[in-house]
Amino acid sequence: MQKEYWLLPIGALALLTFFVLLQIPIRRLYAGIIGKVIADDFKFGESKNVPQWVSIANRNYMNLLEIPLLFYLICLIQYLTGSNDSLNFQLAWIYVGLRTIHSSIHLTYNNVIHRLIIFATSNLILFGIWVNYFRKFLEITFWG
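Residues numbered from 1 in each chain as written. Predicted model: local features only at pLDDT ≥ 70, side-chain atom pairs only at ≥ 80, totals over all residues. Heavy atoms only, no water.

## Examining the overall build of the protein
Definition in use: Strands are runs of DSSP state E lasting at least two residues, helices are runs of H or I lasting at least four, and both sets are numbered from the N terminus onward. Radius of gyration: over C-alpha atoms. The globule rule applied is 2.2 Å multiplied by the number of residues raised to the 0.38 power. Each residue is placed in one exposure class: buried if its accessible area under a 1.4 Å probe, protein chains only, is under 20% of its type's maximum, exposed if it is over 50%, and partly exposed if it falls in between. We call two residues contacting when some pair of their heavy atoms lies within 4.5 Å. Residue burial considers only the protein chains on display, and all accessible areas are found by Shrake-Rupley using a 1.4 Å probe. Neither His nor the chain termini are counted; the positive set is Lys and Arg, and the negative set is Asp and Glu. Taken as the charge centre is NZ of Lys, CZ of Arg, CG of Asp or CD of Glu, depending on the residue.
Within the protein, the secondary structure is distributed over five helices and zero strands. Here the protein has a C-alpha radius of gyration of 19 Å; the compact-globule value for 144 residues is 15 Å, and the former is much larger. A principal-axis box enclosing the C-alpha atoms of the protein has dimensions of 65 × 30 × 25 Å. In the protein, which comprises 144 residues, the proportion classed as buried is 36%. Considering only residue pairs separated by 6 or more positions, the protein has 75% of its internal contacts joining residues 24 or more positions apart. Within the structure as shown, the protein displays about 8700 Å² of accessible surface, and the carbon and sulfur contribution to it stands at 70%. Positive and negative charge centroids in the protein, built from 11 and 7 side chains respectively, lie 5 Å apart.

## Concerning the UniProt feature "transmembrane region" (unreviewed entry) in the protein
Note the following rule: UniProt positions are given in the numbering used here, feature names are shortened, and annotations may be inferred rather than shown by experiment.
The sites that carry the UniProt feature "transmembrane region" (unreviewed entry) are, in the present numbering, residues 6-26, 61-80 and 116-134. Across residues 6-26, the secondary structure splits into 95% helix and 0% strand, with the terminal C-alpha atoms separated by 31 Å. In this annotation, residues 61-80 is assigned 85% helix and 0% strand; the end-to-end C-alpha distance for the span is 27 Å.

## Comments concerning the environment of Tyr30
Looking at the element boundaries, Tyr30 is found in helix 1 (residues 7-33). Between the C-alpha atoms of Tyr30 and Tyr72, which are 42 residues apart in sequence, the distance is 32 Å.

## Observations regarding the side chain of Asp85
Stated formally: By the criterion applied in these results, polar contacts are pairs of N or O atoms within 3.5 Å in which, for protein atoms, one can donate a hydrogen and the other can accept it, and in which residues neighboring in sequence qualify only through two side-chain atoms.
By the secondary structure assignment, Asp85 is in the loop between helix 3 (68-80) and helix 4 (86-107). Within the structure, the side chain of Asp85 is placed 2.9 Å from the backbone nitrogen of Leu87, a separation counted as a polar contact. Of note is the side chain of Asp85, whose polar atom sits 3.5 Å from the side chain of Lys136. Once residues lying within four places of it in the same chain are set aside, the contact partners of Asp85 are Met1, Trp6, Gln78, Asn132 and Lys136.

## Comments concerning the environment of Leu13
Assignment of secondary structure puts Leu13 in helix 1. In the structure, Leu13 is positioned 58 residues away from Phe71 in sequence and 9.2 Å away in space, judged by C-alpha atoms. Excluding anything up to four places from it in sequence, Leu13 contacts Leu64, Pro68, Phe71, Tyr72, Tyr95, Val96 and Arg99.

## Description of the packing of aromatic side chains
What counts is decided by this rule: The aromatic pairing rule takes the rings of Phe, Tyr and Trp, using the six-membered ring of Trp, and pairs them if the centres are within 6.5 Å, calling planes under 30 degrees apart stacked, those over 60 edge-to-face and the rest tilted.
Tallied over the full model, the rule gives nine aromatic pairs. With centroids separated by 6.5 Å and ring planes inclined at 85°, the aromatic side chains of Phe89 and Trp93 adopt a geometry described as edge-to-face. Here Trp93 and Phe89 lie together in helix 4, a separation of four residues that amounts to about one turn. Ring pairing ties together the aromatic residues Trp130, Tyr133, Phe134 and Phe137, which thus form one cluster.

## Brief notes about the nonpolar core
Stated formally: Buried Ala, Val, Leu, Ile, Met, Phe, Trp, Tyr and Cys residues that are joined via side-chain atoms within 4.5 Å together make up what is termed a nonpolar core.
In terms of nonpolar packing, the biggest core is built from 28 residues, with Leu13 and Phe71 touching the most fellow members. Those elements that provide at least two residues to this core are helix 1, helix 2 (52-64), helix 3, helix 4 and helix 5 (112-142). Broken down by element, the residue count for this core peaks at eight residues, all from helix 4.

## A word on helix 5
As a reminder of what qualifies: Given a helix with a known number of residues, its expected span is that number minus one, times 1.5 Å.
Compared with the 45 Å implied by 1.5 Å per residue over 31 residues, the 44 Å span of helix 5 between its first and last C-alpha is a close match. Among the residues of helix 5, those classed as buried are Ile118, Ser122, Asn123, Ile125, Leu126, Ile129, Trp130, Asn132 and Tyr133. Summarising the contacts, the buried residues of helix 5 are in contact with helix 3 and helix 4. Two or three places before Ile113, at the opening of helix 5, Asn111 has a side-chain oxygen 3.0 Å from that residue's backbone nitrogen.

Here is the structure:
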């Protein structure tokens, strides 16, 4: 496996993040057009007047900037070290898929239980990627 392939799941998750970022002004502008908000509702963040379907996009965006940083980091580490670990590569794509599903749930029907299951599973997958990477790293470094 070429090390450059590690950049693909990074790019896919970044693309999802930009898509969600785009939802913020779209939803805010639409809410303004239909008279649900005014500009001052966003003067200090989001006031209580902002409908949930508008503010949820901002929350999902922030969510994509939190723990996914650990995903970007482990993928970059594997890219820089030339890792050809197919298991971690597959897990990376599963992680991206789960985060896409999580965002889809969050931005549409927003069932908390469904979201929690997907979110928790994605975090376990990410933890597994880190554990597998360091297990292999220790094997190579200390036990030959």
